[in-house]
Amino acid sequence: MGAPMRSTVGPIGLVVLQSTGFCNIDCDYCYLPDRSNRRQTMDLDTVAQAARLVFDQRLLKNELDIVWHAGEPLTLPPAYYAEAIKMIEAARPPAVTVHYGVQTNGTLIDDSWIDLFERHAITVGVSLDGPRDLHDRNSASCRRAAIPFTSSAWSRRTRCRARRS
Ligand code: SF4
């Protein structure tokens, strides 16, 4: 009889939640087929269920990253994520630390989002096409809405800096 097979599953270090498949822009290369469908939302009961499922099994490390990603997570209101985090924290075992993150196209960030990011130490990844000609070529709805390459990223960065100073 051979040696017992070792499991190659786990530990889990990252959970990606798709809160919505909807996106407020429309990149030509996007792989999401229903990105114009606003009704594609993960309800909060599903978030709680997912958290229980992840926390209930033995493949966890002491630290876990939970990231909201794809379509554009910020098309849902900050209150959605505040409630989701409350549910996840309620299910979290004391020995596990959760780090939250969001991947966004950055076009919807305002003070209410910055408040949420600060309150929960949420890491923010911003997806940008660059240089400018690539952005303008690939983001059809950005062109229609006249969102130039430089303004969405830089104006928001300036506002973040101003609030922190
Ligand atoms: S920003 Fe991302 S999710 Fe939105 S259309 Fe572009 S690639 Fe798709």
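Residues numbered from 1 in each chain as written. Predicted model: local features only at pLDDT ≥ 70, side-chain atom pairs only at ≥ 80, totals over all residues.

Quick look at the site of the ligand
Turning to step 1, where the next piece is worked out: Every residue close to the ligand is listed here: C23, I25, D26, C27, C30, L32, R35, A70, G71, E72, N105 and S127.
Turning to step 2, where the next piece is worked out: Here the residues of the shell around the ligand are counted per class, giving six nonpolar, three polar and three charged. (Near = placed C-beta within 6 Å. Nonpolar A, V, L, I, M, F, W, Y, C, P; charged D, E, K, R; others polar.)

Remarks on the pairing of strand β3 (residues 97–104)
Turning to step 1, where the next piece is worked out: Bridging between strand β2 (residues 60–68) and β3 involves six bridges; their strand directions are parallel. In the sheet register, L64 faces β3, and the bridge partner there is V98.
Turning to step 2, where the next piece is worked out: Note on the crossover from β2 through helix α2 (residues 78–91) to β3: the handedness is right-handed.
Turning to step 3, where the next piece is worked out: A crossover links β3 with its parallel partner strand β4 (residues 123–126), the connecting element being helix α3 (residues 111–119), and its sense is right-handed. (Pairing = 2+ DSSP bridges. Helix = DSSP H or I, 4+ residues; strand = E, 2+ residues; numbered from the N terminus. Right-handed = clockwise from strand over helix to strand, strands pointing away.)

Notes on the sheet that holds β3
Pairing between the strands of a sheet is mediated by backbone hydrogen bonds and can be parallel or antiparallel.
Turning to step 1, where the next piece is worked out: Taken in spatial order, the four strands line up as β1-β2-β3-β4 in an open sheet, and their pairing is parallel. Edge positions in the sheet fall to β1 (12–17) and β4, since each of these pairs with one other strand and no more. Between one strand axis and the next, the sheet turns through 25° on average, direction left out of account.
Turning to step 2, where the next piece is worked out: Here β3 runs beside β4; their pairing, made up of four bridges, is parallel. Each residue of the ladder has a partner; that of G101, found in β4, is T123. (Axes fitted to C-alpha atoms, helices over the stretch in contact; angles between N-to-C directions.)

Description of the pairing of β1
Turning to step 1, where the next piece is worked out: Little of β1 sits inside the fold, with zero of its six residues counted as buried.
Turning to step 2, where the next piece is worked out: Pairing analysis gives five bridges linking β1 to β2, with the strands arranged parallel. Across the sheet, L17 pairs through a bridge with W68, a residue of β2.
Turning to step 3, where the next piece is worked out: The handedness of the β1 to β2 crossover, carried by helix α1 (residues 44–55), is right-handed. (Buried ≥ 20, exposed ≤ 12 C-beta atoms within 10 Å, placed from the backbone.)

Overview of α2
Turning to step 1, where the next piece is worked out: Taking 1.5 Å of rise per residue, 14 residues should cover 20 Å, and α2 covers 20 Å from first to last C-alpha, within 8% of that figure.
Turning to step 2, where the next piece is worked out: All of the buried residues along α2 are Y80, Y81, A84, I85 and I88. Viewed end-on, α2 has its buried residues packed into an arc of 125°, placing them on one side of the element. When the buried face of α2 is taken as reference, the exposed residues oriented beyond 90 degrees from it are A79, E89 and A90.
Turning to step 3, where the next piece is worked out: Against α1, β2, β3 and α3 lie the buried residues of α2. (Expected span 1.5 Å × (residues − 1). Arc of directions from axis to C-beta. Contact = placed C-beta atoms within 7 Å.)

Some remarks on unusual backbone geometry
Turning to step 1, where the next piece is worked out: Note the cis peptide between A70 and G71, where omega equals -10°.
Turning to step 2, where the next piece is worked out: Located in the positive-phi region is A70, a residue other than glycine, with phi close to 60°.
Turning to step 3, where the next piece is worked out: When you line up the elements, A70 lands in the loop between β2 and α2.
Turning to step 4, where the next piece is worked out: For A70, a count of 19 C-beta atoms within 10 Å translates into the label partly exposed.
Turning to step 5, where the next piece is worked out: The phi torsion at A121 lies on the positive side, around 50°, for a residue other than glycine.
Turning to step 6, where the next piece is worked out: In this structure, A121 sits in the loop between α3 and β4.
Turning to step 7, where the next piece is worked out: The class of A121 is exposed, set by 9 C-beta atoms lying within 10 Å.

Regarding the environment of D129
Turning to step 1, where the next piece is worked out: Assignment of secondary structure puts D129 in the loop between β4 and α4 (132–138).
Turning to step 2, where the next piece is worked out: Between the C-alpha atom of D129 and that of N105, which follows or precedes it by 24 residues, the distance is 9.4 Å.

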